[in-house]
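Residue-level listing of the chains:
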Amino acid sequence: TKIIINEMISVTLDIYLHGKRVLITRKFFSNIIFVSEDENQYKLQAKSHKKFVEGGEMQTISDYFYQSIGQKPIEMVGKKTAKGKKITFSNFMWYSYFRQDELDNTIFYLGDNAINIKSYTSSHVMKILLNNQDVFKSDIIKQLHMLTDKETNMKYKIGICDELLRNSDVFDKNINDELFKKSKIVSDLKQSLKEIDFNNISEDEFMSICTEERKLGYYEAEIIYLKEFSKLIDRRNIYKKMFDKCKEEIGQLDYFISGSPVEFEYNVLRLEKTFGECLINIQFPDYDSTDYVKINYNSFSPSVRDRNGNFKYDYHTISSGGIRTIFKICYGLAIHIYLAENDIQSMVPNILMIDTPMKNINERIDYAIYERLYLYLYQLFSEGGKTIWFSIDNC
């Protein structure tokens, strides 16, 4: 509210991060965040706009959280460019804070017009949580992009050399043989001209000598041309070797990147099973023990299939707004259960905040489902689960 905003100076979180007590303070509307842990203090940025710590690696709050779990910052690299974009703490936070408006629009809180970069980032976060090794290969992918660019450049240069060589009348000749022949002719001409006594020659002999001197100049020029032509061939051969080497290295990197995704697929199966258990526990409409969940490997959008593998419904085809909201909440819940049960170290906070105003809840149909959802949450909490649950209802 405006009253609170007018009085707000700063916010401090007093948290335990992997067994250490940490104070995180941020002034209102400030990009600077102060972090205190034991005797260490850091002055970090919320979002990185430019280099902040001279010569330092840790510049943002995201860098700090990455360091706390002993992981290098993860970059996502596009298919067509080597330029990477760092996945930040706020990207992981999408999986811990569900807001009602966004619950009905996207699988996670991505905001408006998020069909491009945010949805791409969201899928990368899921790949991290499910240990898809592709997202940990950004350095290799960057190298692949650079090699591809270099290969293209070498191919272009080879094409230019080939065009110049094709336009020469000595393209099909042996350059070394031609140089030897022309050098022998030049040597003989020079020797014969050296033996001439220019003081005792006739007009006819003088004309012949001028012709020989012109031949000498011609052959000397041709030798220079052949030597330069030879350099062009040598340069073309160098480009060809570099091109072949790039192609070989690209093949090796492609093979490495397309390695076996067994662990990733197994983790997806575990998440699918967990999501299905959530739906069973709250008796989700039109989901029985013979149904199962299938998660798309690219979008990570879940759908429900029957025992024969036939599509039944997904988030977008559920007609009721209240039921659709429950479906998404259960998916977020399944992700947190998966992380906790498998002790996955990530930057997703052990908090699930659900902002669910009751506008989409139908009193005749949805009330009982919400009641079962909350009973299931209490059951998880009473079993001593690792995740802390907050549900914020604006009724």
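Residues numbered from 1 in each chain as written. Predicted model: local features only at pLDDT ≥ 70, side-chain atom pairs only at ≥ 80, totals over all residues. Heavy atoms only, no water.

Trainee: Which parts of the structure should I look at to understand the nonpolar core?
Mentor: In globular proteins that are soluble, nonpolar side chains generally tend to be buried together. Grouped together as the largest cluster of nonpolar side chains are 65 residues, with contacts concentrated most on Met126 and Phe284. Counting residues per element, this core draws most heavily on helix H10 (residues 321-341), which supplies 12 residues. Setting aside residues up to four positions removed in sequence, methionine 126 forms contacts with Tyr95, Phe108, Leu271, Phe300, Tyr331 and Ile335. (Core = buried A, V, L, I, M, F, W, Y, C linked by side-chain atoms within 4.5 Å. Buried < 20%, exposed > 50% of the residue type's maximum accessible area, 1.4 Å probe, protein only. Helix = DSSP H or I, 4+ residues; strand = E, 2+ residues; numbered from the N terminus. Contact = heavy atoms within 4.5 Å.)

Trainee: I keep staring at the packing of aromatic side chains and nothing clicks. Help me out?
Mentor: In total, this model carries 11 aromatic pairs according to the counting rule given. The rings of Phe275, Phe284, Tyr313, Phe327 and Tyr331 are connected pair by pair, giving a single aromatic cluster. Over the ring of tyrosine 315 we find arginine 324, and its NZ or CZ is 5.8 Å from the ring centre. (Phe/Tyr/Trp six-rings, centres within 6.5 Å; stacked < 30°, edge-to-face > 60°. Lys NZ or Arg CZ within 6 Å of the ring centre and 35° of its normal.)

Trainee: Any chance you could explain the sheet that holds strand E9 (residues 302-305) here in plain terms?
Mentor: In any sheet, the strands associate via hydrogen bonds between backbone groups, in a parallel or an antiparallel arrangement. As summarised here, the arrangement of the 3 strands in space is E8-E9-E10, forming an open sheet in which the pairing is antiparallel. In the strand order of this sheet, the two ends are held by strand E8 (292-295) and strand E10 (311-314), each with one partner. The sheet shows a mean angle of 35° between the axes of neighbouring strands, direction not considered. Relative to E9, E8 is paired through 4 bridges, and the arrangement is antiparallel. Residue pairing for E9: tyrosine 292 is matched across the bridge by arginine 305. Seen against the sheet, helix H9 (residues 262-281) touches E8 and E9 and runs at an angle of roughly 135° to E8. With respect to the sheet, H10 is in contact with E8, E9 and E10, its orientation differing from that of E9 by roughly 105°. (Pairing = 2+ DSSP bridges. Axes fitted to C-alpha atoms, helices over the stretch in contact; angles between N-to-C directions.)

Trainee: Which parts of the structure should I look at to understand the pattern of salt bridges?
Mentor: Note that side chains of opposite charge can pair when their charged atoms are close. Under the criterion given, the structure shown has 7 salt bridges. One salt bridge connects arginine 21 with aspartate 14, and the closest N-O pair in it is separated by 2.6 Å. Note on arginine 21: relative accessible area 48%, which makes it partly exposed. A network of salt bridges, in which partner residues are shared, links Asp286, Asp291 and Lys312. (Salt bridge = Lys/Arg side-chain N within 4 Å of Asp/Glu carboxyl O.)

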